[in-house]
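# Report on the structure
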Amino acid sequence: MKLFAQITSVTLILMLLLLCGCGGSSSQGPGIVKYNFQTGISELTLKFLPNAPPEKIYPFSGFKMIMDLENQAGYPIKNGKIRVVGLDEKYFLLDQTEQDFEALEGRSMINPLGGRARLEFSGQAFQLFSSSEQYVGNYFLQASYDSNLDFVDTICLNSNMYEVYDSGCKTMPKKNYAGQGAPLAVASLDQITYPANAGGEVEFRLSVRNKGTGKAEKVTLIKAQLGGEDLACEVAGNQNKPAEKKMILTFEDKQQEGTIICRARLKEGSSYSTTLYLGFTYSYRWEQKYRLTLVK
Amino acid sequence: MGIGSILGRGAAGAAGKTAASAGTGAAGKSIASSVAKNIAPALGKAASGAGASAAGGAAKGVVWGAGAAVGEGVVNLLKQESFVLFIVGLLHFFWLRNLGNTIHLYSSIALLIFATYVFLAYMAEKGSVANKLGGWIVLLFFLIWYLYNGATLDGLIYFGIIFGAILLVVTIATKGRGFQSALAALFPILFFFMDLGVLSLVFKEVDWQLAKIFSDLILYMPWWSLLALFCFPTEDKSKLSSFMGPVRILAVVYIVIILGGSLIPSVGHDTLIPSAGSLMTAQQQVQEKFQGENPFISNMICIFEGRSDISECVKERQQTAEDTSYCKSVEKLDENTPQFEQCLKDRQEYRQKQQVQVVGSSDPTIKQPTRAELITDKFFPREVNIYPEDNYQVQYPIQVKIINPREQIFMVEVNCNFTKQGSSKPESFSGIVTGGDKLSFPGAGENQFAAGYVTQSRTLYCNYPDNQILNGSYKITFIANLSNVNTVSRLSRVFIGFKDATWRNNWITNNKILDTHFSNRNYASVSPEDFVRLNFAFGHSSDYPIIEANRSIVLNSMIENIGPGEITAVHDYAIKLSGFNIQESPSATSNMNCLEGRDVPMPKGARKDIYLPGCLISSLPLDLTNPEMYIYREFEAEVNYDYLIKKEESIRVSRLS
C-alpha cells in the first residue's frame, strides 16, 4: 500500500512536468495556467460613478464625469484613449474632451480582476437658451485601444486518412469556439486535409469575428505556428496584396468578420495531435451614447 | 333625370340625325323615322316631321325639322320661369354684381323676389306646397325686417310678432297648408345670403384659414342660377328636358371645373379672410385677396390653346391674374407702364423666394411663449340706454393681458376706433384711450404702458371724442401695438470636416449622428411660439444638418408671422454666425444683409412672411473646419419687431327721450 502511494505520487509529478514541458515558451505561446482566463467573450468595461455626472446639472455650475475602466479581457490593453464627442460647448464646456489611459493588464492568475483605471473629466455648465425649461445634450463616450488575442488548440493531423487500422487521433473537419477571452475571437476552424497521395497537405480556415460590443478596426496576424513551427498564413482575399499587408485584416463597420487561411505540409505516417497557435493584435473602438441634462 | 340619361338622349338624337341624313327617298324616310322614333325621342319629332314634309329628301327635312324644334324649344324655354331665372342669375353674376354694392344689392333683392316666385311655383308643381301665401308673407317680413329695419333684435321681435300673427291666421285659414310655403320661402332667402357673401362673413367670424376650394366656391358660384337649376322641370311634359338637360350638364361641368381648378396643387395660397363690416364688404374683401382668373375661364382658354399641361397652364394664368390684380389694386399702378412691368417682375421673384422654403418650428423646451391678448369682460357695456338727464360719458374698458416669460421690456400702445353699423356708408372715427402710464413712465402717453413682468394685465378705457354723440350700433376696434418685441431662434448643425469613407460609414451612413442629435429628424430652426419667428437654415442644403469641409454652404432666412396679428415693423435682425465668411456677390448690399439688417421694408398686402436675403458661406470658423471627430453646435438668430393685435366688439347706444 505504501509502495502504491509512492508510485502514484511520482507518476503525478512526472505528468505535471510533462504537461508543463509541452507548453512551449511562455512569452508568446499559450500557457495552461493562463488559458483559463482566455476563454469566452470579455472586453474593456466602462462605468460612470454615481452622480458623476449628476442626473441634473444647473446653469453656471461645475460638474465632473468620473468613469471606472476595467479590463475584463484576458489580454493587456494599451494605447487606450477616452473621448467625449458631441457636446455643444455653448451649454457644457469640458476642460478636455479626450484623455489617454495607462496600459491595463488583462485578467490572469496573478490579477484575476484585470487592470483598472479611473478617469475624470471636469466641466462647466452654462445658461439655458432663452426661457427653455431644460436642455438635453446628447454625446458619445468613445473608448479606443489596442490589444492582442491568442488562439490555441490541439488538432489531429493525419496524412493517411484512409488507413483503417490507425489507432491514433481523429481529425475534425470543423470546430467552433466560444471565444478566447477577448471581444475578438476565432469563431471556427475548418480543417481540410489532402492525403499523401494527393500532396499531403493540410489547410486551416479560421473565421475571425468581432463578438464584442464595439468595433474592431485593424486585425493583424502576427504569428502562426503548428506544433512549434511557423505556419504560412494569409488573410483570405489578400493574396494579391504586398507581403506586409497579407496579414492584415481590415474590418469594415458592418463587416466585422474575416477569414485567415493557413497551409502546412503533412508528415507521413500515422495520425498525431499537435498544437495550432495564432497570435493577433487588433485595434478596437467602443462607443456609447449618454446625455447631460441642464435644468432651470 | 340623371346625367347618364341626358347624355344618352343627346347621343341618340345625334344618331337619329345622322341616320336620317344618310337616308334618301322612301327608304331614307323610313329609316329616319324609325331611328328618330325609337332611338332619339328628343329630336324624333323633328326628324319624322321633316321626313314627312320633304318628299324627295329626308335629310333636308330632318335639318329643317330639327331647326323648328330648336326654335320651338327656345320659345318654350323662355316661357319657363326657372330658365329665365337661370339666365338672369348668370347676368347678375357676371355683370350686375360687379357694378358696385348698391346695384349688387338691388339686383339681389329683385332676384330674391323672382326666385321666391319660381321656387314656390316649382314646389307647387311638385305638390309640396299647396298654398303660396305663407311664403310671400315670410318674404315680405324678411324684406322689411332685414332691409328696412336693419335686422335689429327689436325689429325681429316687433315685426316677428306682426307677421307671425298674420302667418298664424293664414295657416289656420288654409288648414296648415300656408305654413309649408312659409318654410319653402326660407330657401331663396338662404341663396340671397349666399349671393351677398354670407360664407365670407362666417369664415371671417370664426377666423378660419380659408382653403382655396371654398374660396372659389364663394367667388365663382352663380348662386341664383344654381337655385334655378333646382327648379328646372324634371318631367318631359314641357318637352324642355332635352334642352334643360345640357344646361344642367354644363352647370355640373362648371362646378367640376371650378373645384378641379381649386384642387390643382400649389395654385395660390390659403389666405385669411379679412375683417368686414357687412356681408358684401366681406365678400369684396375676400375677392381682393383672390383676384385670380375664374378657373372655369382659365380651363377653357388652356383647352382651346391646345396646352397639354392643363393644370400648369391654369396655374400660370391664375398667378398672372393675381399679379396683375396686385399691381393694379395694391400698388395702384397703371398697366403698360415700366413700373407696372417691374411690379410684375417683383411678384415673380417673390414667388420664387417663397419656393425656397426655410421652415421653422416651435421650440419644445419653451412651454411659455410671449403672448398678448385683448379681453373685454363683463364690465364691457355692450348695450347702453342713455337718458337726457344722464350726464356722463360711457367708457369702454379693454384689458390687455400680456404673458412675458422672458421679462422683456417693450412698450404697448392701445388705440380704438368706432364704426357706425347699419348705414350704407360706414362712418368711422377714432376714440381716445386713457389709463396708461403717462404719470409713472416718462415719455409715455395716456394710451401707453410698458410691459416688463412675466404676467401683466392692464385695463384701459376707450372713450368717444366729445364732438361725437353715440347713437345706434357701432363696432369698436381695439388695437394694441407692441413695440420692440424680441424673439430668438436657434438652429443646430454638425461639422465633420474632411472624413474618409470608413468614418462616414460609421457615423453618417449608419445615421449615428442624426439618431443622437436629431432623433426627431427636425433640422429646422426652433423658436418660442411668440408672435413672430426668424426661421433660418444653412448647410449644403437648407434641410440637412451635417456640414462637410470644402463644399458650398447656403444660408436662407425668413421672418414668419405665427401670431394672430400683424407685423408692423422689423427694426433689426441678426443671424449670429461668428467666424463665418460670406461669399461676395454682385449685389453686395443684399448679400451682406443675409446676416444682419435694420428697418426691413414691410411687404404690402396681406402677406404673412418676410423673406430675407440669402447668401453663400465661403468659409467656416477654424475650429469647425476639420475637427478630429465632429462638432455639434447651436446657432442663434434674433429679430426685433413691432406687432399689432386687434379686437372688435359690437356696441349699441340708445338715446332715450
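Counting from 1, residues in each chain are numbered in the order their sequence is written. Think of it this way: whatever chain is written first is A, whatever ligand is written first is 1, and the rest follow in order. Owing to the predicted nature of the model, reporting of local features is limited to residues with pLDDT of at least 70; listing and counting of side-chain atom pairs is limited to 80 or more, with chain, interface and lining totals taken over all residues. The basis for every side-chain value is the complete set of heavy atoms in the structure, and neither hydrogens nor water enter the calculation.

### Topic: the overall build of chain A
What counts is decided by this rule: By the criteria applied, helices consist of DSSP H or I runs no shorter than four residues and strands consist of E runs no shorter than two, each listed in order from the N terminus. Throughout, exposure labels follow a simple rule: accessible area from a 1.4 Å probe, protein chains only, divided by the maximum for the residue type, with under 20% read as buried, over 50% as exposed, and the rest as partly exposed. Two residues form a contact once any of their heavy atoms are found within 4.5 Å. Calculation of accessible area relied on Shrake-Rupley with a 1.4 Å probe; when residues are assessed, cover is drawn exclusively from the protein chains displayed.
When helices and strands are counted, chain A shows two helices and 16 strands. For chain A, the residues scored as buried account for 46% of the 296 residues in total. Across chain A, every contact between residues at least 6 apart in sequence was considered, and the portion connecting residues at least 24 apart equals 78%. When the accessible area of chain A is evaluated, it comes to approximately 15800 Å², of which 53% is carbon and sulfur surface.

### So, the sheet that holds strand β13 (residues 232-235) of chain A
Residues and elements named next belong to chain A. Put simply, the rule reads: When DSSP finds two or more bridges between a pair of strands, those strands are recorded as paired. Axis angles are defined between N-to-C directions and span 0 to 180 degrees, where every axis is a line fitted to C-alpha atoms and, for a helix, only to the segment in contact.
Reading across the sheet, the five strands line up as β8-β9-β10-β15-β13 and stay open at both edges, with antiparallel pairing between neighbours. Because the sheet does not close on itself, it has two edges, and the strands there are β8 (174-176) and β13. In this sheet, adjacent strand axes meet at a mean angle of 15° when their direction is disregarded. In this structure, β13 lies alongside strand β15 (residues 257-265), joined through four bridges in antiparallel fashion. Along β15, the bridge assignment pairs E234 with I261.

### As for the nonpolar core
Rules: Only buried residues count toward a nonpolar core, which is a set of Ala, Val, Leu, Ile, Met, Phe, Trp, Tyr and Cys residues joined through side-chain atoms within 4.5 Å. Note: domain ranges come from an automatic or database domain assignment.
Membership of the largest hydrophobic core comes to 80 residues, with the highest contact counts inside it found for L69, I82, F92, F204, I260 and L278 of chain A together with Y630 of chain B. For this core, the element with the highest residue contribution is strand β7 (residues 134-157) of chain A, accounting for 10 residues. When residues of this core are sorted by domain, at least three fall in each of domain 1 (44-146 + 285-295) and domain 2 (148-284) of chain A. When neighbours within four sequence positions are excluded, Y630 of chain B is seen to be in contact with V85, G86 and F140 of chain A together with V494, F495, I496, W503, W507, I513 and H517 of chain B. Of all hydrophobic cores here, the second largest spans 65 residues; its members include I386, I398, V400 and C462 of chain B.

### Quick word on the pairing of strand β11 (residues 215-226) of chain A
Residue and element names in this part refer to chain A. As judged from the nine bridges shared by β11 and strand β16 (residues 272-295), these two strands associate in the antiparallel manner. Its bridge partner being in β16, K215 is matched across the sheet by R285. As paired elements, β11 and strand β12 (residues 229-230) share two bridges and run antiparallel to each other. Each residue of the ladder has a partner; that of L226, found in β12, is E229. The hairpin formed by β11 and β12 contains two residues between the paired strands, and G227 there has a positive phi angle of roughly 60°.

### Section: the state of the cysteines
What counts is decided by this rule: A pair of cysteine sulfur atoms is labelled a disulfide when the two atoms are within 2.5 Å.
What the rule picks out here adds up to four disulfides over all chains. The residue that forms a disulfide with C156 of chain A is C169 of chain A, at a sulfur-sulfur distance of 1.9 Å. What sets the handedness of the C156 of chain A and C169 of chain A disulfide is the S-S torsion sign, and at about 80° it is right-handed. Of this pair, C156 of chain A sits in strand β7 while C169 of chain A sits in the loop between β7 and β8, and the two are 13 residues apart along the sequence. For C594 of chain B, the disulfide goes to C615 of chain B, at an S-S distance of 2.0 Å. Because the sign of the S-S torsion sets the handedness, a value of about 70° for the bond joining C594 of chain B and C615 of chain B places this disulfide among the right-handed ones. Linking C594 of chain B in the loop between α21 (588-592) and β19 (596-600) with C615 of chain B in strand β20 (residues 609-619), this pair joins segments that are 21 residues apart in sequence.

### Focus on the interface of chain A and chain B
For the record, the criterion: When a carboxyl oxygen of Asp or Glu lies within 4 Å of a side-chain nitrogen of Lys or Arg, that pair is called a salt bridge. We define a polar contact as two N or O atoms separated by no more than 3.5 Å, with the added condition that, inside protein, one atom must be a possible hydrogen donor and the other a possible acceptor, whereas residues neighbouring each other in sequence contribute only through side-chain atom pairs.
Facing 26 residues of chain A, the contacting portion of chain B comprises 25 residues. At the junction of chain A with chain B, the criterion picks out five salt bridges. One salt bridge in this structure joins E628 of chain B and R83 of chain A, with 2.4 Å as the shortest N-O distance. Here chain A and chain B share 13 residue pairs in polar contact (both at pLDDT 80 or more) between them. Secondary structure elements with two or more residues in the side of chain A that touches chain B: β3 (77-85), β7 and β16 of chain A. Among the elements that take part in the side of chain A that touches chain B, β7 of chain A stands out by supplying six residues, more than any other.

### Describing the environment of Y158 of chain B
Within the secondary structure layout, Y158 of chain B lies in helix α8 (residues 153-173). Taking C-alpha positions, Y158 of chain B is 9.1 Å from W145 of chain B, a pair spaced 13 residues apart along the chain.

### A word on the packing of aromatic side chains
Residue and element names in this part refer to chain B. As a reminder, the rule being used: The criterion for an aromatic pair is that two Phe, Tyr or Trp rings (for Trp, the six-membered ring) have centres within 6.5 Å, with stacked assigned to planes under 30 degrees apart, edge-to-face to planes over 60 apart and tilted to the rest. Over a ring means this: the NZ of a Lys or the CZ of an Arg is within 6 Å of the ring centre and within 35 degrees of the ring normal.
Inspection of every chain in the model, using the stated rule, returns 33 aromatic pairs over all chains. Pairing F114 with Y117 gives two aromatic rings, centres 6.4 Å apart and planes at 20°, and the pair type is stacked. Highlighted residues: F114 and Y117, both in helix α6 (residues 101-126), separated by three residues, approximately one helical turn. Between the aromatic rings of W503 and W507, the centroid separation amounts to 5.9 Å while the plane-to-plane angle is 25°, which identifies the pairing as stacked. Remark: W507 and W503 occur in helix α19 (residues 501-509); sequence separation between them is four residues, near one turn of the helix. The pair W503 / W507 is uniform in exposure class, with both members buried. Put simply, the rings of F380, Y396, F418, F429, Y464, Y474 and F478 touch in pairs and so form one group of aromatic residues. The ring of F538 has R493 lying over it, and the distance from NZ or CZ to the ring centre is 5.8 Å. Positioned above the aromatic ring of W507, the side-chain terminus of K512 is 4.8 Å from the ring centre.

### A word on the confidence of the model for chain B
Residue and element names in this part refer to chain B. Operational definition: Every residue is assigned a pLDDT by the predictor, reflecting its confidence on a scale from 0 to 100.
For chain B, per-residue confidence averages 75 on the pLDDT scale, and residues scoring 70 or more make up 70% of the total. Least confident of the elements in chain B is strand β2 (residues 271-272), whose mean pLDDT is 30; most confident is strand β15 (residues 546-548), at 95. Taken as a whole, residues 1-63 scores under 50 in pLDDT and shows 55 contacts with residues more than four places along the chain or in a different chain. Between residues 205-210, whose pLDDT stays under 50, and residues either more than four places distant or in other chains, the model counts 13 contacts. The ipTM assigned to the predicted complex is 0.79, against a pTM of 0.60.

### Comments concerning the environment of N238 of chain A
Residue and element names in this part refer to chain A. Within the secondary structure, N238 sits in the loop between β13 and β14 (248-250). Along the chain, N238 and I260 lie 22 residues apart, while their C-alpha atoms are 9.7 Å from each other. The residues touching N238, leaving out its near neighbours within four places in the chain, are K245, K246 and I248.

### Quick notes on the side chain of T220 of chain A
All names here are of chain A. Turning to its location among the elements, T220 is positioned in strand β11. A relative accessible area of 17% means that T220 is categorised as buried. Leave out the neighbours within four places in its chain, and T220 touches M247, I248, G279, F280 and T281.

### Examining unusual backbone geometry
In this model, A52 of chain A is joined to P53 of chain A through a cis peptide bond whose omega is 15°. Tracing the backbone shows P53 of chain A in the loop between β1 (44-48) and β2 (62-71). Positive phi is not limited to glycine here, since S130 of chain A has a value of about 45°. Using a relative accessible area of 35% as the deciding quantity, one classes S130 of chain A as partly exposed. Even without glycine at this site, N336 of chain B takes up a positive phi of about 60°.

### Some thoughts on the pairing of strand β7 (residues 410-420) of chain B
Note on strand geometry: in a regular strand, side chains alternate between the two faces of the sheet. As paired elements, β7 of chain B and strand β10 (residues 448-451) of chain B share four bridges and run antiparallel to each other. Across the sheet, E413 of chain B pairs through a bridge with Q448 of chain B, a residue of β10 of chain B.

### Focus on the pattern of salt bridges
With the rule as written, the count across this model stands at 32 salt bridges over all chains. Residues D515 of chain B and R521 of chain B are paired through a salt bridge, measuring 2.7 Å at the closest nitrogen-oxygen approach. On the accessibility criterion, R521 of chain B (34% relative accessible area) is partly exposed. Of the charged contacts, one joins K576 of chain B and E638 of chain B as a salt bridge, the two residues approaching to 2.7 Å between their closest N and O atoms. With K576 of chain B in strand β17 (residues 566-576) and E638 of chain B in strand β21 (residues 631-655), this pair connects stretches of sequence that are 62 residues apart. Beyond isolated ion pairs, a larger network of salt bridges with shared partners links K90 of chain A together with D363, R490, E634 and E636 of chain B.

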